Amino acid sequence: GQNIDQPTEMTATEGAIVQINCTYQTSGFNGLFWYQQHAGEAPTFLSYNVLDGLEEKGRFSSFLSRSKGYSYLLLKELQMKDSASYLCAVRDSGGYQKVTFGTGTKLQVIP
Amino acid sequence: KAGVTQTPRYLIKTRGQQVTLSCSPISGHRSVSWYQQTPGQGLQFLFEYFSETQRNKGNFPGRFSGRQFSNSRSEMNVSTLELGDSALYLCASSLDTGNYGYTFGSGTRLTVV
């Protein structure tokens, strides 16, 4: 099975940098996803990590350490529109590679 | 290209009734996964279909079932509805079984009264 932990809520200031952490415990690992979900909308894909290290995509970066069961999503130059929930999801390596989501981190960006 | 289409968007049902939700994936996507989202539990995996076969199943009671048609469209059914089934039901499609990021539909908001 899988266990995924993320902070429930975070607050950050417009223009700042915020790091959202995700730790996971899994019997088999084959990739980690980050999704963004605005209130009342569907989640949208942000990033995917399967190897250790940092993946950068514009203002968003995602880091993975498989040995530590740890990932983070880094958001730079925060904008008000970044206020949303950020979901960490882990794909297992067994069978047909089910994807399990964490409960999400609700980020509020304040002026 | 068209996104993932879920119908209906909103649904109100009475306890004990049954409901069928529909999902049309992005053209060419053969994998369809269903999730239940509630404020306290987040996204809970229901099941995943690929080429009309159920590939994965979550820990939901047998009242929750699904199927996929030859055109990749999928339906999920919930029988004998309970108040606790009130949730947002999200469908996600991908090119293959989890090898790519999901594209989610807008969801069906089910309220059981």
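Worth saying up front: this structure is predicted, and the values here are computed from it rather than measured. (Residues numbered from 1 in each chain as written. Chains lettered and ligands numbered in written order. Predicted model: local features only at pLDDT ≥ 70, side-chain atom pairs only at ≥ 80, totals over all residues. Heavy atoms only, no water.)

What follows covers the sheet that holds strand 7 (residues 64-68) of chain B. Residues and elements named next belong to chain B. An order of 1-3-8-7 is seen for the four strands of this open sheet, with the pairing classed as antiparallel. Here the strands that pair on one side only, and so sit at the sheet edges, are strand 1 (5-7) and strand 7. Taken over all neighbouring pairs, the strand axes of this sheet differ in orientation by 15 degrees on average, direction set aside. (Pairing = 2+ DSSP bridges. Helix = DSSP H or I, 4+ residues; strand = E, 2+ residues; numbered from the N terminus. Axes fitted to C-alpha atoms, helices over the stretch in contact; angles between N-to-C directions.)

Bringing the pattern of salt bridges into the picture now. Residues and elements named next belong to chain B. The full count for this structure, using the stated rule, is seven salt bridges over all chains. Notably, a salt bridge pairs Asp 85 with Arg 63, separated by 2.8 Å at the nearest N-O pair. Of this pair, Asp 85 sits in the loop between strand 8 (74-78) and strand 9 (87-94) while Arg 63 sits in the loop between strand 6 (53-57) and strand 7, and the two are 22 residues apart along the sequence. Residue Arg 63 is classed as buried on the basis of its relative accessible area of 16%. The partner of Glu 75 in a salt bridge is Arg 67, and the shortest N-O contact between them spans 3.3 Å. Members of the salt-bridge network, linked through shared partners, are Arg 63, Glu 82 and Asp 85. (Salt bridge = Lys/Arg side-chain N within 4 Å of Asp/Glu carboxyl O. Buried < 20%, exposed > 50% of the residue type's maximum accessible area, 1.4 Å probe, protein only.)

Another point: the environment of B:Gly105. Tracing the sequence through the fold places B:Gly105 in the loop between strand 10 (103-104) and strand 11 (108-112). Note on B:Gly105: relative accessible area 1%, which makes it buried. Placed 102 residues apart in sequence, B:Gly105 and B:Gly3 show a C-alpha to C-alpha distance of 7.2 Å. Setting aside chain neighbours within four positions, we find B:Gly105 in contact with A:Ala42, B:Val4, B:Gln6, B:Leu90 and B:Cys91. (Contact = heavy atoms within 4.5 Å.)

With that settled, the discussion passes to unusual backbone geometry. Residues and elements named next belong to chain B. With an omega of -10 degrees, the peptide bond between Thr 7 and Pro 8 qualifies as cis. Relative to the elements of secondary structure, Pro 8 occurs in the loop between strand 1 and strand 2 (10-13). Backbone geometry places Ser 51, a non-glycine residue, at a positive phi of 50 degrees. Along the chain, Ser 51 turns up in the loop between strand 5 (42-50) and strand 6. Of note, the phi angle at Glu 52 is positive, near 70 degrees, even though the residue is not glycine. Tracing the backbone shows Glu 52 in the loop between strand 5 and strand 6. Given the relative accessible area of 47%, Glu 52 is considered partly exposed.

None of this, on its own, says anything about what the molecule does.
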